[in-house]
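# Structural overview for review
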Amino acid sequence: MTSIEPAPADGRALAEAVQDPSRLEVVQRLGLLDGAPDESFDRLTRMATRLTGAPVSLAVLVDDDRQFFVSQVGLPEAAAVARETPLSHSFCQHVVARSSPFLVPDARADPRVSDNLAIRDLDVVAYAGVPLVVEGETVGSFCLIDNAAHEWTAEEMEVLHDLAGMAMTEMSLRLSVAEERLHLREQEALRAVATLVAGEAPPGAVFAAAAEHVAHVFSAAVSRVVRLEPDDEHRLVGAWTRDTVMVEGVGELVELDERSAIGSVLKGRRATGIRRPEPDVAGSSVLRSGMAAPITVDGRFWGGISVGWDVEVPVDERELDRLTRFADLVSLAVTGAQAREQLSQLAFTDHLTGLYNQRAFSERLEEEVRRCRRYGRPLSLVVFDLDHFKLVNDTHGHEAGNRVLAEFASRLVAMRRGSDVVARVGGEEFAWMLPETGGKAAINAAERARALIADTPFLGIGRLTTSIGICSLEDASDAQELSRHADLALYWAKAAGRNTAVRYSPELIALQPGSDSADRLESAKTLAAIRALAGAVDAKDPSTQRHSERVAQLAGELAGVAGWDASRIVLLHSAALVHDVGKIGVPDTILLKPGHLTDEEYATVKSHAALGAEIVADLLSREQVQWIRHHHERHDGRGYPDGVSGADFSEGARLLAVADAWDAMTVARPYGSPRPIPEAIEEMKRGMGGQFAPDAVHALLLLYESGALGARRPVTGD
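We now turn to the structure provided with this report.

Definitions and cut-offs
Residues numbered from 1 in each chain as written. Predicted model: local features only at pLDDT ≥ 70, side-chain atom pairs only at ≥ 80, totals over all residues. Heavy atoms only, no water. Salt bridge = Lys/Arg side-chain N within 4 Å of Asp/Glu carboxyl O. Helix = DSSP H or I, 4+ residues; strand = E, 2+ residues; numbered from the N terminus. Buried < 20%, exposed > 50% of the residue type's maximum accessible area, 1.4 Å probe, protein only. Pairing = 2+ DSSP bridges. Phe/Tyr/Trp six-rings, centres within 6.5 Å; stacked < 30°, edge-to-face > 60°. Axes fitted to C-alpha atoms, helices over the stretch in contact; angles between N-to-C directions. Parallel < 35°, antiparallel > 145°, perpendicular 65-115°, else oblique. Left-handed = near helix turned anticlockwise from the far one by under 90°. Contact = heavy atoms within 4.5 Å. Nonpolar A, V, L, I, M, F, W, Y, C, P; charged D, E, K, R; others polar.

### Side note on the pattern of salt bridges
Overall, the coordinates contain 37 salt bridges when judged by the stated rule. With a closest N to O distance of 2.7 Å, Asp38 and Arg174 form a salt bridge. Taken together, the residues Asp38 in the loop between helix H2 (21-29) and helix H3 (39-52) and Arg174 in helix H7 (residues 154-198) connect sequence positions 136 residues apart. For Asp63, the salt bridge goes to Arg66, with nearest N and O atoms at 3.4 Å. No difference in accessibility class separates Asp63 from Arg66, as the two residues are buried. Salt bridges sharing partners connect three or more residues here, namely Asp34, Asp63, Arg66 and Glu84.

Following this line, the structure appears as structure tokens:
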């Protein structure tokens, strides 16, 4: 049966096949190189020798400069102990180069291999090898060896093919398990850094955490976050390293060689992998491979993040994509961290209203609280939130909304005394500091302000109202607590129906549902930061700007139609505001892709529901976390990530799923035009009992029939 087949064209073709980076990357990812003997493969090589009578059987991985015996039976003792040989002793490299069976009945007479040193050193005379193919790459060979000339029969080759198939199945399974573990490490890292960002950690802590977590994801010896300075110098802002590898000091300017991975990124501004000694780590053990990805902030190149290994690690597009996904998250981290860092360098004036901005107001409040504490003087803080301001923007446009904010500011300024400080501290949020003013006087001042706002129409808009929270220094220990208590009073003013002023008292905390109210107030602050993060995700694409706000508004209205009480509607609204925060883990190239997604890209998108639930797990109730995790589930159980149905598909998740789908249908997206309201209604009806829960769709239809649905929901992004 044996036939002599032509060898590859020359030694260069053989070397190129063996050195192919994509092939070597799969070999590395299998995790079998240099591993201990494995019974799963040993069983196969024993079967091969027993069924064919050949004295030697091998399962071989061909690396760039050696062949490694994953399993062997019958080799000489020295080779069996070493479990590898250089390629000078490899027949299996020919299988790799050919990607087809390689049969040699007598190597001594075969010009293709007659100079192979395995003939002399390992007593290889006859050889039969078939490819081991994983993910489309020939990683090695499953082979038989005889120390005498041997004409390989069809029956022997059939056995060899069958056992090789079993070996490939085992390898593919190992690879899937390894990929899943790597994916889990990546998701844990994403969550850890995202939670840190949401908690408004200092920039240095964010960069250090990013470097540490990305190093663990890639099992790297070193990782770095490097920022490009305005004068084209480079500053190391975050780093992690094993004890055996040293890097320059964090915070210092560093010299980077353009041939290194991070140097290449800072020059070429695209993700790259390097498989040679990294020259830019002075005074350390030399790194032998690395990769880096660019970090962009607000569309501008900011710097790069890199990992390096002190062993040779092939880097392919899969690994670069994984690092780029992490760089996307770091970019969001940088956006938030840099924004906070830059606040101290910005002017003290809000550009729209001419008032103090939040940074300046916070500093003034700190100073005034210290003064009042020192001299025993009274002080009060009044915070305002313009009621239903979103409707102004939605109905009249953002320019009209800006005019309202400016007019609101001017009315507050008209009421302040010479020592008072008025500031714009958020989108439609304002603060008024009243020195030498106790709680009772502050209530009177706040009521006058409330009446001035409510009684005088805004030009072109009509009458608007404001909710107000008040706290005096007698009810707070410092500036931070003064602000927190005023915010809590504002919360109750809004909960009481808006257009009212509420003064903080210790009883307010007792009135909150649950015994962990103080902790929940702190969690609310962190949740606000996560909402900002979710807003940043929405804002990546103009068509999804304010998507989460629209979904939250509709979900709350659906819950109202479904008969939920006010407190539970608030819970659903809060969860809906952050339902898509998990998309921080989805690369922009996928999130904004105008065409159809590949299966792999769709799997990445689907991971956002579970990741989002993990990010808010410590901040929201278990029920709210479940709503977020299940907002892409289906009534028929074919949704993701858990495929729930029936009682496991909770009502909150059902309502949120309908609200999310409705917004996707009626707002322009890269992959389609918005549907007219009647057409979208018919689509929702068709989905009843399949994609959508009937009770949730009925709630939507009731809104539509009342005229509220079409009137309040725009069909284009705002």
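Let us keep going from here.
### Notes on the pairing of strand S16 (residues 466-472)
Burial of S16 is extensive: seven of the seven residues sit out of reach of the surface. The two faces of S16 match: Thr466, Ile468, Ile470 and Ser472 on one face and Ser467, Gly469 and Cys471 on the other face are all buried. Sheet topology note: the strand S13 (residues 379-386)/S16 ladder contains seven bridges and is antiparallel. Its bridge partner being in S16, Asp385 is matched across the sheet by Ser467. Note: S16 against strand S17 (residues 501-503), three bridges, orientation parallel. The partner of Ile468 across the bridge, within S17, is Ala501.

### Points about the packing of aromatic side chains
Tallied over the full model, the rule gives nine aromatic pairs. Summarising the aromatic geometry, the rings of Tyr602 and Tyr640 are spaced 6.3 Å apart at their centres and angled 85° between planes, so their arrangement reads as edge-to-face. Remark: Tyr640 occurs in the loop between helix H22 (622-629) and helix H23 (651-666) and Tyr602 occurs in helix H21 (residues 599-615); sequence separation between them is 38 residues. Assessed through its relative accessible area of 12%, Tyr640 is described here as buried.

### What about the sheet that holds strand S12 (residues 300-309)?
The sheet built from six strands is open, its strands ordered S9-S8-S7-S12-S11-S10 with antiparallel pairing. Every other strand in the sheet has two partners, leaving strand S9 (253-254) and strand S10 (272-274) as the edge strands with one partner each. Where strand S7 (residues 222-228) lies against strand S8 (residues 234-241), seven bridges are found, and the strand directions are antiparallel. Residue pairing in the sheet places Arg224 in a bridge with Ala239 of S8.

### Notes on the sheet that holds strand S2 (residues 66-73)
What the six strands build is an open sheet, ordered S3-S2-S1-S6-S5-S4; its pairing is antiparallel. The sheet terminates laterally at strand S3 (84-86) and strand S4 (102-104), the two strands that pair on one side only. Adjacent strand axes in the sheet meet at a mean angle of 25° when their direction is disregarded. Bridge count for strand S5 (residues 126-134) against strand S6 (residues 137-146) is nine bridges, and the pairing is antiparallel.

### Thoughts on the packing of H7 against H21
Geometrically, a packed helix pair is captured by the angle between its two axes and the distance between the axes. Two elements in contact, H7 and H21, have axes separated by 10 Å at closest approach and are oriented at 45°. The angle between the axes of H7 and H21 places the two elements in the oblique class. Like other packed secondary-structure pairs, H7 and H21 cross with a definite hand, here right-handed. Of the residues in H21, those touching H7 at Gln187, Leu190, Arg191, Ala194 and Thr195 are Leu611, Glu614 and Ile615. Grouping the constituent residues of the contact of H7 with H21 by class yields four nonpolar, two polar and two charged.

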